[in-house]
Amino acid sequence: MNTFSTFFYGTGGFAAQKKHRALHSPLLQIGLTGFFLLIIILAWSQTLAQQKENRKFIIHGLQIEQTNLAAIISENLFQVLDQNQAINMIVQDWLNNRQWGRPDEVNHFIYSEQAFNRVALFDLSGQQIYQTSAQDEYLLPPALIRQLIAQLRTTAAPAAIIPISKKAKSSWQIPILFPTSSRTELTGAMLLELNLGYFLNLLQSIDIGPAGHIGLCTDQGEELARFENGGLVMGSNSAGCAELLKRIDAQQPNATGYYHSGDQRLLAFRPVAQYPLIVTVSRNLREALAEFNAYRLQQIWVLAVLTLVGLAGFALFLQLINRKQHYLKTLDASFTENKELIEKLEKEHQTAVNAASFDALTNLYNRRLFVSLAEQNLTKRNSLNCGVLFIDLDRFKTINDTLGHRIGDLLLKEVASRLRGCLRKSDIVSRFGGDEFVVMLTEIAEVKDIQPVAEKIIHAISQPCRLDNQQLSVSSSVGIAIFPRDGDNIEALLRNADAAMYSAKKSGRGRYSFFDSSLNTVSIKQFELEQRVGKAIANDEFVLHFQPKIRLEDSRVIGLEALVRWRHPLYELLYPNDFIDRIEESGQIGLLGCWVLEAACRQLVSWRDQGLATVPIAINVSPTEIKNPEYAAHFFQTLRRYQLQPTDIEIEVTESAIIEHEKVLKDNLRDLSDGGITISLDDFGKGFSSFSHIRSLPISTLKIDRSFIQDIRSNRNDNAIVTSTITLAKKLNLTVVAEGIESHDQFIHLKLAGCDQVQGYFFSRPLPARKIIEFLTNPHRTKSSCEQ
Amino acid sequence: MRTMNRAITLSICLFLLLWLLSATGFCQQRGKPLYFSLIPKKNINQQLAELQPLFDLLEKKLQRPIEIVHPQSYQSVIESLLSHKIDFGILGPASYAYAKQRDNQITAFAAFEKAQGFVTPQGSYYYSVLFALTDAGYSKPEQLRGKNVAFIDPASTSGALIPNVEFADFIGQSLGKFIGKQVYTGSHDRAIAAVRQGQVDAAFVSSARLDEAVRKGQLSPNRINILWTSKPIHYDPFVFSSSLDEDTCHQIRALILSGAPELQNMFNNLQVKGIVAVSDSDYQSIYDLTAMKALH
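Residues numbered from 1 in each chain as written. Chains lettered and ligands numbered in written order. Predicted model: local features only at pLDDT ≥ 70, side-chain atom pairs only at ≥ 80, totals over all residues. Heavy atoms only, no water.

### So, helix 14 (residues 450-462) of chain A
Residue and element names in this part refer to chain A.
Part 1: Between its first and last C-alpha atoms helix 14 spans 19 Å; for 13 residues at 1.5 Å apiece the expected length is 18 Å, and the two agree.
Part 2: Within helix 14, burial applies to Ile-450, Val-453, Ala-454, Ile-457, Ile-458, Ala-460 and Ile-461. Around the axis of helix 14, the buried residues are gathered within 165° of arc, so they sit on the same side. (Helix = DSSP H or I, 4+ residues; strand = E, 2+ residues; numbered from the N terminus. Expected span 1.5 Å × (residues − 1). Buried < 20%, exposed > 50% of the residue type's maximum accessible area, 1.4 Å probe, protein only. Arc of directions from axis to C-beta.)

### Examining the packing of aromatic side chains
Part 1: Inspection of the entire model under this criterion finds 36 aromatic pairs over all chains.
Part 2: A centroid spacing of 5.3 Å and a plane angle of 35° characterise the contact between Phe151(B) and Phe204(B), whose relative ring orientation is tilted. A residue pair is termed long-range when its members are at least 10 positions apart, and Phe151(B) in strand 7 (residues 148-151) and Phe204(B) in strand 9 (residues 202-206) qualify at 53 residues.
Part 3: Judged by its relative accessible area of 0%, Phe204(B) is buried.
Part 4: Members of the aromatic cluster, connected to one another through ring pairs, are Trp172(A), Phe151(B), Phe167(B), Phe170(B), Phe178(B), Tyr184(B), Phe204(B) and Trp228(B).
Part 5: Across the ring face of Tyr761(A), the terminal group of Arg765(A) is positioned such that the distance to the ring centre comes to 4.4 Å. (Phe/Tyr/Trp six-rings, centres within 6.5 Å; stacked < 30°, edge-to-face > 60°. Lys NZ or Arg CZ within 6 Å of the ring centre and 35° of its normal.)

### A look at the interface of chain B and chain A
Part 1: Facing the 28 residues of chain B at the interface are 32 residues of chain A.
Part 2: Summed over the shared surface of chain B and chain A, the result is one salt bridge.
Part 3: The interface formed by chain B and chain A contains 12 residue pairs in polar contact (both at pLDDT 80 or more).
Part 4: Of all the secondary-structure elements, those providing two or more residues to the side of chain B that touches chain A are helix 3 (74-82), strand 8 (181-184), helix 7 (188-196) and helix 11 (284-295) of chain B. (Contact = heavy atoms within 4.5 Å. Salt bridge = Lys/Arg side-chain N within 4 Å of Asp/Glu carboxyl O. Polar contact = N/O pair within 3.5 Å; in protein donor to acceptor, adjacent residues only side chain to side chain.)

### Some words on the packing of helix 13 (residues 405-422) of chain A against helix 14 of chain A
All names here are of chain A.
Part 1: Relative orientation of the contacting elements helix 13 and helix 14 amounts to 145°, with a least axis distance of 9 Å. Considering only the axes of helix 13 and helix 14, their crossing is right-handed. Side by side, helix 13 and helix 14 meet where Val-415, Arg-418, Leu-419 and Cys-422 of the first sit next to Lys-456, Ile-457, Ala-460 and Ile-461 of the second.
Part 2: For the contact of helix 13 with helix 14, the class distribution of residues is six nonpolar, no polar and two charged. (Axes fitted to C-alpha atoms, helices over the stretch in contact; angles between N-to-C directions. Left-handed = near helix turned anticlockwise from the far one by under 90°. Nonpolar A, V, L, I, M, F, W, Y, C, P; charged D, E, K, R; others polar.)

### Brief notes about the confidence of the model for chain B
Residues and elements named next belong to chain B.
Part 1: Per-residue confidence for chain B averages 85 on the pLDDT scale, and 89% of its residues sit at or above 70.
Part 2: Per-residue pLDDT stays below 50 along residues 20-27; that stretch engages in four contacts with residues further than four places along the chain or on separate chains.
Part 3: On the interface metric, ipTM, the complex scores 0.75, and its pTM is 0.52. (pLDDT = per-residue confidence, 0-100.)

### Considerations on the nonpolar core
Part 1: Ranked by internal contacts, the top residues of the largest apolar core, which has 115 residues, are Phe116(A), Leu196(A), Ile214(A), Leu91(B), Leu130(B), Phe131(B) and Val205(B).
Part 2: The greatest single-element share of this core, amounting to seven residues, is contributed by helix 3 (residues 26-81) of chain A.
Part 3: Leaving out residues up to four positions away in the same chain, Val205(B) has contacts with Tyr127(B), Ser128(B), Val129(B), Phe131(B), Ile152(B), Ser158(B), His188(B), Ala191(B), Ile192(B) and Leu210(B).
Part 4: Of all hydrophobic cores here, the second largest spans 79 residues; its members include Leu544(A), Leu592(A), Ile699(A) and Phe763(A). (Core = buried A, V, L, I, M, F, W, Y, C linked by side-chain atoms within 4.5 Å.)

Below is the structure:
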């Protein structure tokens, strides 16, 4: 388990491995082995010592058993033999009374006696006086008896064993001669025949082992009989007798003893007190210890087997440990290898990711990462704008070609660093490749804040730089697209910024350009413009662009706002912001106004001629125009000239216009209104007009300024303003038009708030007449159709 | 007539005298115990228990208690008989011969007639057999040279006398030289047990005792390997002590040989056909053997 955890759980596994290494240390293994061997040695020594002790204990038990047995038998024999005293008294009595018949008491004694078979009495001369049962005299000649009596007298021994002829050796009678005496005077002798059958019956139940024996010896070391193999053996002197005799001689008379004889026997001996007999109890040591030896052998076998098993087990254990260690080492190595591999892979992955995300040269984000980051940024739903700046170095290819790629690369790096210097941390700076840099300015509160940044970038890049001892100046062109007005996704924004960049390049290098052309300000020479108005009208340099007005109720195009553009030969397309104020100041606005009216009428007629169903076109009327008392008359005259109805042309006046020149303005508006012209109040909310003021004017439509609409996305207060404005306008029976709608959110919000019409990039930016035809042929708009 | 009267008177007087004599004799004898003993062939108590119907019969008919003298050995029975300690008893053929040598008045008068046994044929004869265990693998007696052999009692016929004489003749050597160790076990049963328990290699026993051991299941026949069989031996005789009076002898003999129904159970237990009369001459061969033994 550890091995896998080591692999899978990294550092935790390392700790476990260290633990294992501790187990595998050779010192510990030696220690373990030593400990194990010590246990084995202890077990063996303890067992052997115990066995030795047990053997001693058994032998000691044997000694006690044998000595006790010898003592009992010898005491029994003593009591048997000592009966001669009683017989002696009977015999003396009989002799003294001179009863020469049968000594009945002697007979009675022998009748009741089991140990003795026969009694015979002798006088001092050795002549038999009496016998209890007949026996041939030749077996015990008087001379022998006489000799024995003499011997008894001299030795004062209490008995003498009569030597038996060899022939009678197998008989079970042991004839013992006792002295008969009256007081201290020896009167003769008495023969008692000891029956060995008695001895056998006494011992028959004693288990002395197959090789053990109980012997009866004379004090001369002659064996009379021995109990062995379950019976009596007679007349064959065992080898132990001579040794026994030596022992007896060496010790006190009547002493008992116990010795370990030469032939592996343990022998206990005990003389029968006073009488010339010795009892021996002998056991074969091997036999007595046979059971113990078998047990001991078994124990040793068991221990040996256990030792072997233990050794084998321990060896296996060590082997296992070592194998495991080997595995662990291998695993360790492979783990390290894997780790290195993983690190390497990670590094490579990081490099790859970097390569995929960062531009290797400038270390700016590359296109991929930029797109990803920009997308994230765009999903933040707030009311703030984002600006995407597409920056391209002018004539970079030439620099590269002439000064070399090295300088080119250095220049790119320098540009990257300068770009970073111009921007906030939160802005996203990237290089798309070549000399294309793209910047996303995040969280821009006002669109006009973008302009200074663009100028700053162009200025910073245009600063001369020294690269490899070469002084170098480079200009850049910047195209700007604004979220959400120029696109609500990054692809659209990039596309539009790129387009803007090209238009910037076209209009001269070292410039910036908004994709929304209306934002582009051109510094036009005032004089030149003022001088050229008349000529421009004559040259047809002015054009009208149209932006559709959509009715929210059914998403239908119900009108167009005409917006004037000046296709100035020097400055490309100029927007009203660039020239209206100047023209107004120069007093030539009336001219332009006339032209716009004419152009609008002309366009309507042209579309009608083409068979298109037209919608009313609204034209912007400047305050200067509207204070001209002739304006209304001129207006209607123009309509008539083109045979148009008053409903075909609407006019839009700004708030500022209605504040000044009140009298004339009111008259004009009244005339126009009376003539059936629809009048809209443009840029409502920007100025200071109030509803009460509006009520006094013949205005039928309110156009809420784009600044309010742009804030709709998040700002609740603005939302409230828009909503309440719409509510109030509706109360005054005014049609409400929202300008500058850019997003779907705004669209939904305005629809819910009850707004009547909208106008803005969300549906369409202002377009040239040829492009607006699409809206006339397909007046029903959806968002998807707008995008086409 | 006078002569006839005198003769009648005389005969009546004689009869009266005889009657008186016998009556006084009977009166003297009645209630006096009769002493009995027998050679220890097996467990002595068992032997005595088997004979109890006979003792009961004798006590009942003779109106005298039978006192049993427990023997320690064959010799002790002989000595008891010689010293008149017992009045009658059962001896072995050899011990009868030994006793007869020392007191010629001792008389054998009856013996059991055995039924057919594993070794012994039916009749009043048996054998001394030398047997070993089949497992020991002996096939001839010669293989027992130097081995330990069990004997019974120095005064036993089949367990001492016959082996010492007849078997010694058979092997042509004295037994003491041929056999390693002669172990006297004191009874046939113990000798058989010694063989069975492996204490000795073989034993000389009575065929009748071996049969009994087989019968009692102490030894299965297929374990017994008979290595040698003696000539037939006449069964153990009932003998009278020389001290016992004629009349009592007569009565006892009559009762023992009567085949009284009271004895049938005993006969069945002992696996005997009955008790037959024997005479001293039936044991002549044993006398010869004892004489030969003395020469050995």
